[in-house]
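Single-letter residue listing:
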Amino acid sequence: MSKFSLNNKVALVTGGGSGIGKAISLTFAEQGAKVHILDFNIESAHETVSEIKALGNQAEAHQCDVSNQANVEAIIAKITETEKIDILINNAGIAHVGNIEAVAEADLDRLYNVNVKGVYNCIKAALPSMKKGGGVILNMASIASSVGIYDRFAYSMSKGAVLTMTYSIAKDYINEGIRCNCIAPGRVHTPFVDGFISKNYPGQEAEMFEKLSKTQPIGRMGSTQEIADLALFLCSDEAAFITGSNYAIDGGFVTLNGK
């Protein structure tokens, strides 16, 4: 058997239709998992599922608003009628730029509902299935969970909550055979980054891409595949001794004093 195999595992990936979530979905399916993609954008979810199936692997798409507890519970209840959940990837999230003065109450509520409540909803719904034989929960945090990031008040608040939820779940469910960790990426090249640059710096795309890349001490942004590969390790049996940990994957940003 090859290392990092997910054969006969069932994985749920929120926000699996694009970016990091898509890379995780494709990677997990390639390693043998059946992947359920929960995404607000059902078209993107179906596109990822089509790519997975074209390679001969298994996947299903589900339209899901992770901030809506009833919606999350209904989808996971349907899945668990016939399958046990082995892996939950809480990847769905939204961003916001601005300090506290630039954050309206509606902005704060929106960030909380998706980035914090969304993680809570998915974990709570998946736990009954995982308690029947164990499982792995992997949350997507951020370097903003650990260090101050300029002009990211609401986003940092929400990702700090993801980090502490990770510690709490790991502690509370270790005797149930459930592991819980989180990944804290630095800047990763995703469609969101390209869209942000195009919207805010028209005509300066190449210059801004280079500038943002150099904020990571290693001199470039991470790739979605690099994040997916770390996720694969943490969700595989090879990582069975790891729980309650936060993994920075940031080109040295946190420890090498990136700015």
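As a starting point, this report considers the structure included with it. The shown structure was predicted, so the numbers you read here are calculated from the model rather than taken from an experiment.

## Let's talk about the packing of helix 4 (residues 105-130) against helix 5 (residues 153-172)
Reasoning step 1: Where helix 4 meets helix 5, the closest approach of the two axes is 9 Å, and the angle between their N-to-C directions is 15°. Relative to helix 5, the element helix 4 is oriented roughly parallel. Remark: the crossing between helix 4 and helix 5 carries right-handed chirality. Mapping the contact onto sequence places Leu108, Leu111, Asn115, Val116, Val119, Tyr120 and Ile123 in helix 4 and Phe153, Ala154, Tyr155, Met157, Ser158, Lys159, Ala161, Val162, Met165 and Ile169 in helix 5.
Reasoning step 2: Among the residues forming the contact of helix 4 with helix 5, the class breakdown is 14 nonpolar, 2 polar and 1 charged.

## Some points on the sheet that holds strand 2 (residues 34-39)
Reasoning step 1: The 7 strands are arranged 3-2-1-4-5-6-7 in an open sheet whose pairing can be described as parallel. Unpaired on one side and paired on the other, strand 3 (59-63) and strand 7 (246-249) mark the two borders of the sheet. The sheet shows a mean angle of 15° between the axes of neighbouring strands, direction not considered.
Reasoning step 2: Summarising the sheet, strand 2 and strand 3 pair through 5 bridges and their orientation is parallel. Counterpart to histidine 36 in the pairing with strand 3 is glutamate 60.
Reasoning step 3: Contacts between helix 4 and the sheet are confined to strand 1 (10-14), strand 4 (87-90), strand 5 (135-140) and strand 6 (178-185), with strand 4 contributing the most and set at about 180° to the helix.

## Topic: the packing of aromatic side chains
Reasoning step 1: With the rule as written, the count across this model stands at 3 aromatic pairs.
Reasoning step 2: Considering the side-chain rings of phenylalanine 192 and phenylalanine 196, the 6.5 Å spacing of their centres and the 25° angle between planes classify their relative orientation as stacked. Of this pair, phenylalanine 192 and phenylalanine 196 both sit in helix 6 (residues 191-200), separated by 4 residues, roughly a single helical turn.
Reasoning step 3: Residue classification places phenylalanine 196 among the partly exposed positions, given a relative accessible area of 23%.
Reasoning step 4: Pairing phenylalanine 196 with tyrosine 201 gives two aromatic rings, centres 6.3 Å apart and planes at 65°, and the pair type is edge-to-face.
Reasoning step 5: Residue classification places tyrosine 201 among the partly exposed residues on the basis of a relative accessible area of 27%.
Reasoning step 6: Taken together, the ring pairs in this structure connect Phe192, Phe196 and Tyr201 into an aromatic cluster.

Parameters at a glance
Residues numbered from 1 in each chain as written. Predicted model: local features only at pLDDT ≥ 70, side-chain atom pairs only at ≥ 80, totals over all residues. Heavy atoms only, no water. Axes fitted to C-alpha atoms, helices over the stretch in contact; angles between N-to-C directions. Helix = DSSP H or I, 4+ residues; strand = E, 2+ residues; numbered from the N terminus. Parallel < 35°, antiparallel > 145°, perpendicular 65-115°, else oblique. Left-handed = near helix turned anticlockwise from the far one by under 90°. Contact = heavy atoms within 4.5 Å. Nonpolar A, V, L, I, M, F, W, Y, C, P; charged D, E, K, R; others polar. Pairing = 2+ DSSP bridges. Phe/Tyr/Trp six-rings, centres within 6.5 Å; stacked < 30°, edge-to-face > 60°. Buried < 20%, exposed > 50% of the residue type's maximum accessible area, 1.4 Å probe, protein only.

That's the geometry; what it means functionally is another story.
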